[in-house]
Amino acid sequence: MASQKLSDKVAVVTGGSRGIGRAASEALARHGASVVVNYCGTADADLDKADAADDVVRGIEGTGGKAVAHEADIADEPAARGLIDRAIDEYGHIDILVNNAGICPSIDFLEMPIESFDRVHAVNLRGAFICSQQAAQHMVRQDNGGRIVTVSSISALVGGSYQTHYCPTKSGLHSLMQSLAIVLGPHGITCNSVGPGEIDTDMNRTIPNYDEISVQLGKRIPLGRVGQPEDIADPIVFLASDDARYVNGAFLLIDGGMFVNLQ
């Protein structure tokens, strides 16, 4: 049984219905937090996101936890602000925000429509800014501190030939957390980011021949495998808890050692 280190805390997880977001929602709930599981209702050919979010909620409730699902496209400002307000309406306060929602359609730079660039930035970076601002406004009024944990990426540190729209957003997310750490630290609100390496998620599984690619990547990773969403969720819980009370403005790379294995 997990500890109750997050007992009486309320968390919002953007993009919480699958992948790292799902694992984070479940892990936060295991440690006692009440969770608002966000999903975006954009059509997806292979996944009903509403059903996926409801499944996360049912799983949390089935183990005695508290959770609700909330649909919002965080690229839309009123929707993003409404997501954070849902936590207040449902549970009376907000203590933890996990900025996890992100998209990365694979597009060649030379052929990329500017609309694709704008959409990735709107979801990945603008959405995190809006959610962080709204959550921080509530946290400051509550005067009880808080935690903002943002899912950046190893892509904040390296480039990607088909990620020229995505990598800058991940660098921007880390920079955003550094800046907010300065602004919000005096209010007892810590702001940190995690940098997943290669993680076996639904998004990555849209890549053709991903099973073969993951085997090859696993050979490069010193720990011998690609990561699982749970490998990111547990460090998120750490950063959301009092165990990380003096961690602020940090970037935690979670990649099994892939980044340092360059020779």
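Our subject is the structure listed above.
Cut-offs and rules
- Residues numbered from 1 in each chain as written.
- Predicted model: local features only at pLDDT ≥ 70, side-chain atom pairs only at ≥ 80, totals over all residues.
- Heavy atoms only, no water.
- Helix = DSSP H or I, 4+ residues; strand = E, 2+ residues; numbered from the N terminus.
- Rg over C-alpha atoms; globule rule 2.2 N^0.38 Å.
- Buried < 20%, exposed > 50% of the residue type's maximum accessible area, 1.4 Å probe, protein only.
- Contact = heavy atoms within 4.5 Å.
- Areas by Shrake-Rupley, 256 points an atom, 1.4 Å probe, with all protein chains shown as cover.
- Salt bridge = Lys/Arg side-chain N within 4 Å of Asp/Glu carboxyl O.
- Pairing = 2+ DSSP bridges.
- Right-handed = clockwise from strand over helix to strand, strands pointing away.
- Axes fitted to C-alpha atoms, helices over the stretch in contact; angles between N-to-C directions.
- Parallel < 35°, antiparallel > 145°, perpendicular 65-115°, else oblique.
- Left-handed = near helix turned anticlockwise from the far one by under 90°.
- Nonpolar A, V, L, I, M, F, W, Y, C, P; charged D, E, K, R; others polar.

Peer 1: Is there a simple way to think about the overall build of the protein in this case?
Peer 2: Across its full length, the protein holds seven helices and seven strands. The helix and strand sequence of the protein, counted from the amino end, reads β-α-β-α-β-α-β-α-β-α-β-α-α-β. Its C-alpha atoms give the protein a radius of gyration of 17 Å, within 12% of the compact-globule value 18 Å for 263 residues. The principal-axis extents of the C-alpha atoms in the protein amount to approximately 45 × 40 × 35 Å. Of all 263 residues assigned to the protein, the portion counted as buried reaches 49%. Sequence separation of 24 or more characterises 74% of the internal contacts of the protein that already satisfy a separation of 6 or more. Total accessible area computed for the protein in this model is approximately 12200 Å², and 52% of it derives from carbon and sulfur atoms.

Peer 1: Can you walk me through the pattern of salt bridges in this structure?
Peer 2: A side chain of one charge can pair with a side chain of the opposite charge when the charged atoms of the two come close. A full pass over the atoms with the stated rule returns nine salt bridges. A salt bridge links D243 to K5, with the shortest nitrogen-to-oxygen separation between them at 2.8 Å. Placement of D243 in the loop between α7 (229-240) and β7 (251-254) and of K5 in the segment before β1 (10-13) is noted, with a sequence separation of 238 residues between them. A relative accessible area of 48% means that D243 is categorised as partly exposed. A salt bridge links D242 to R147, with the nearest nitrogen and oxygen atoms 3.3 Å apart.

Peer 1: Just checking my understanding: could you explain the pairing of strand β2 (residues 34-39) for this structure?
Peer 2: Two faces belong to every sheet, and in a regular strand the side chains alternate between them. Across the six residues that make up β2, a large majority, six, are buried. Side chains S34, V36 and N38 project from β2 onto one buried face, and the interleaved V35, V37 and Y39 project onto a second face that is buried too. In the sheet, β1 pairs with β2 via four bridges, with the strands oriented parallel. Bridge assignment links A11 to a residue of β2, and that residue is V35. Read as a crossover between parallel neighbours, the route from β1 over helix α1 (residues 19-30) to β2 is right-handed. Inspection of the sheet shows β2 paired to strand β3 (residues 67-71) by five bridges, in the parallel sense.

Peer 1: Just to check I follow, could you spell out the pairing of strand β6 (residues 189-196) for this structure?
Peer 2: Within β6, eight of the eight residues are buried, which leaves it mostly tucked inside the rest of the structure. Along β6, one buried face is formed by I189, C191, S193 and G195 and the opposite face, lined by T190, N192, V194 and P196, is buried too. In the sheet, strand β5 (residues 146-151) pairs with β6 via six bridges, with the strands oriented parallel. By the bridge assignment for β6, G146 is matched with I189. In this fold, the crossover linking β5 to β6 by way of helix α5 (residues 167-184) has right-handed handedness. Summarising the sheet, β6 and β7 pair through four bridges and their orientation is parallel. Each bridged residue has a counterpart across the sheet, and for V194 the counterpart in β7 is L252.

Peer 1: Explain the sheet that holds β7 here, please?
Peer 2: Paired through their backbone hydrogen bonds, the strands of a sheet run either parallel or antiparallel. If you walk across this open sheet you meet the seven strands as β3-β2-β1-β4-β5-β6-β7, and the pairing is parallel. Two strands close off the open sheet at either side, each with one partner strand: β3 and β7. Averaged over neighbouring strand pairs, the angle between their axes works out to 20 degrees when direction is ignored. Pairing of β1 with strand β4 (residues 96-99) involves three bridges; the strand directions are parallel. Bridging from a neighbouring strand, V12 pairs with L97 of β4.

Peer 1: Would you explain unusual backbone geometry in this entry?
Peer 2: Excluding glycine, most residues fall at negative phi; most peptide bonds, likewise, are trans. At D8, a position not held by glycine, the phi torsion is positive, near 75 degrees. Turning to its location among the elements, D8 is positioned in the segment before β1. A positive phi is found at D143, a non-glycine position, where the angle reads about 60 degrees. Residue position: D143 is located in the loop between α4 (114-142) and β5.

Peer 1: Mind showing me how you'd approach the packing of α1 against α7 here?
Peer 2: For any two helices packed against each other, one specifies the inter-axial angle together with the distance between the axes. Two numbers describe how α1 lies on α7: the axes approach to 8 Å, and their chain directions differ by 50 degrees. Classified by the angle between their axes, α1 and α7 sit oblique to one another. α1 and α7 meet at a crossing whose hand is right-handed. Between α1, through G19, I20, A23, A24, A27, L28 and R30, and α7, the contact on the second element is made entirely by P229, E230, I232, A233, D234, I236, V237 and A240. For the contact of α1 with α7, the class distribution of residues is 11 nonpolar, one polar and three charged.

The quantities given are spatial measurements derived from coordinates; they are silent on function.
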